[in-house]
Amino acid sequence: MSLPDAFHGIAKRVNNWGRWGTDDEIGTLNLITDEVVRQAAATVRTGRRVPLALPLQQDGVQTGVIPGRVNPLHAMVQINQEIFGPGTVACSDDVVTMGLQAATHWDALSHVSHSGRLYNGRPAHTVTPHGGAGFGGIDTVRHLVSRGVLLDVARARGTDRLDGGYAVTPEDLDAAEEMAGTRVRAGDVVLVRTGQIRACLAGDRHGYAYPSPGLSIRTPEWFHARDVAAVANDTLTFEVFPPEVTDLWLPVHALHLVEMGMPQGQNWNLEKLSTACGETGRYAFLLTATPEPFTGATGSPVAPVAVL
């Protein structure tokens, strides 16, 4: 089934192909300049640090709905082993098998394609079985530090958690921005809180996954107009699920990753950050969120930290 004309209309309006050159692989992360980072550092007032990652554990958020995306399987390969002989220092080592997008993560620009193309018009077949992403892999993101802005849509709408299937609109983002008292600007990383992660934290993994609030197909134009560098939220699917347009699956993924070249993150725990921002009345902060540099990977775990 071909994508509808309405999708292609939005795609044309938000397209960034060629904006930073034909060989560019990092898209909107180009908007995070030295000056943006300097201004981000200036937001730090107290030094309060808020971790935003879920634990990496076997009983994680994945339920098998997404094929191959397994929760971390942790095993010990050494336990107090004196590898250099009796009486020497003993070591313990671990190994992990996991889906790179199993828990809190960034999607690389190579994660999604449509109409046979990736970001910047590169062919989708540059993702291969043995080499992974030959273009736009997560390893091209060498550092991701910027001003973060929490758009607490749930709080702005007077609830702890948006209803399952609620499509977050540009109007919702406007309301959350007004409550935050700061305007999203070029190079910012926007964190959108729906409260959906509360289901996961309460042990309801299936309820966390479906139905889920998430971003509407109308929101990419809002982020494009503000020159946002990246967006993350507190849901499994990122966009509203089930989809707001019948049989149009993952359109926001395609618009962000393919058309805009804008990374997106899922499964971010924004609950403590919501509390901290509410207590201080400040919703902008220094955000450190560099992904693990897996060569050729289409996504990567991240342990982001907001510094207020």
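Residues numbered from 1 in each chain as written. Predicted model: local features only at pLDDT ≥ 70, side-chain atom pairs only at ≥ 80, totals over all residues. Heavy atoms only, no water.

### Remarks on the pairing of strand E7 (residues 145–152)
Where we set the bar: Relative accessible area decides the class of each residue, using a 1.4 Å probe on protein chains only: under 20% of the type maximum gives buried, over 50% gives exposed, and in between gives partly exposed. The way it works is that DSSP assigns letters per residue, a run of H or I at least four long becomes a helix, a run of E at least two long becomes a strand, and they are numbered from the N terminus. Strands qualify as paired when DSSP identifies two bridges or more between them.
Most of E7 sits out of view: 7 of its 8 residues are buried. Here 5 bridges tie E7 to strand E13 (residues 284–288), and the two strands are oriented antiparallel to one another. Looking across to E13, one finds that Gly-148 is bridged to Phe-285. With 5 bridges joining them, E7 and strand E9 (residues 189–193) adopt parallel strand pairing. The residue bridging Asp-152 from the neighbouring strand is Arg-193, located in E9.

### Observations concerning the nonpolar core
Threshold: Take the buried Ala, Val, Leu, Ile, Met, Phe, Trp, Tyr and Cys residues and link them wherever side-chain atoms come within 4.5 Å; each set so joined is a nonpolar core. Here a residue-residue contact requires only that any non-hydrogen atoms of the pair lie within 4.5 Å.
Counting residues in hydrophobic clusters, the biggest one holds 35 residues, and the most contacted among them are Leu-151, Leu-173, Val-190, Val-192, Phe-223 and Val-231. Elements that contribute at least two residues to this core include exactly helix H1 (5–14), E7, helix H3 (153–156), helix H4 (170–180), E9, helix H7 (219–226) and helix H8 (251–260). Element by element, the count of residues in this core is highest for H8, at 6 residues. With residues up to four places along the chain from it excluded, the contact list for Phe-223 reads Leu-173, Val-190, Val-192, Leu-215, Val-228, Val-231, His-256, Met-260 and Met-262. Formed by 30 residues, the second largest nonpolar core is a distinct cluster that contains Ala-180, Leu-191, Ala-276 and Ala-289.

### Here's the deal with the sheet that holds strand E15 (residues 305–307)
In a beta sheet, neighbouring strands pair by backbone hydrogen bonds and run either parallel or antiparallel. Rules: Whenever a helix is involved, its axis is fitted only over the stretch in contact; in every case the axis is a line through C-alpha atoms, and angles between N-to-C directions fall within 0 to 180 degrees.
Across the sheet, which stays open at both edges, the 9 strands sit in the order E1-E15-E13-E7-E9-E11-E12-E4-E14 with mixed pairing between neighbours. What marks the edges here is a single partner per strand, and that holds for strand E1 (49–51) and strand E14 (299–301). Strand-to-strand twist of the sheet, defined as the mean angle between neighbouring strand axes without regard to direction, takes the value 30°. In terms of strand pairing, E13 meets E15 through 3 bridges, oriented antiparallel. In the sheet register, Thr-288 faces E15, and the bridge partner there is Val-305. With respect to the sheet, H4 is in contact with E7 and E9, its orientation differing from that of E7 by roughly 105°. The strands touched by helix H9 (residues 271–280) are E1, E7, E9, E13 and E15; relative to E7, the strand with the most contacts, the crossing angle is about 85°.

### Some points on the packing of aromatic side chains
Rules: For Phe, Tyr and Trp, rings pair up if their centres lie within 6.5 Å, where Trp contributes its six-membered ring, and each pair is then called stacked (planes under 30 degrees apart), edge-to-face (over 60) or tilted (otherwise). To sit over a ring, a charge needs its Lys NZ or Arg CZ within 6 Å of the ring centre and within 35 degrees of the ring normal.
Applying the stated criterion across every chain yields a total of 4 aromatic pairs. Taken together, a centroid distance of 5.5 Å and an interplanar angle of 85° make the contact between Trp-222 and Phe-223 edge-to-face. The pair formed by Trp-222 and Phe-223 is uniform in burial state, with each residue classed as buried. Seen in terms of ring centroids, Phe-241 and Trp-249 are 5.8 Å apart; in terms of plane orientation they differ by 50°. Their pairing is tilted. A relative accessible area of 22% places Phe-241 in the partly exposed class. Judged by relative accessible area, Trp-249 falls into the exposed class, the value being 51%. For Arg-226, the ring lying beneath its charged end belongs to Trp-222, and the centroid distance is 4.2 Å.

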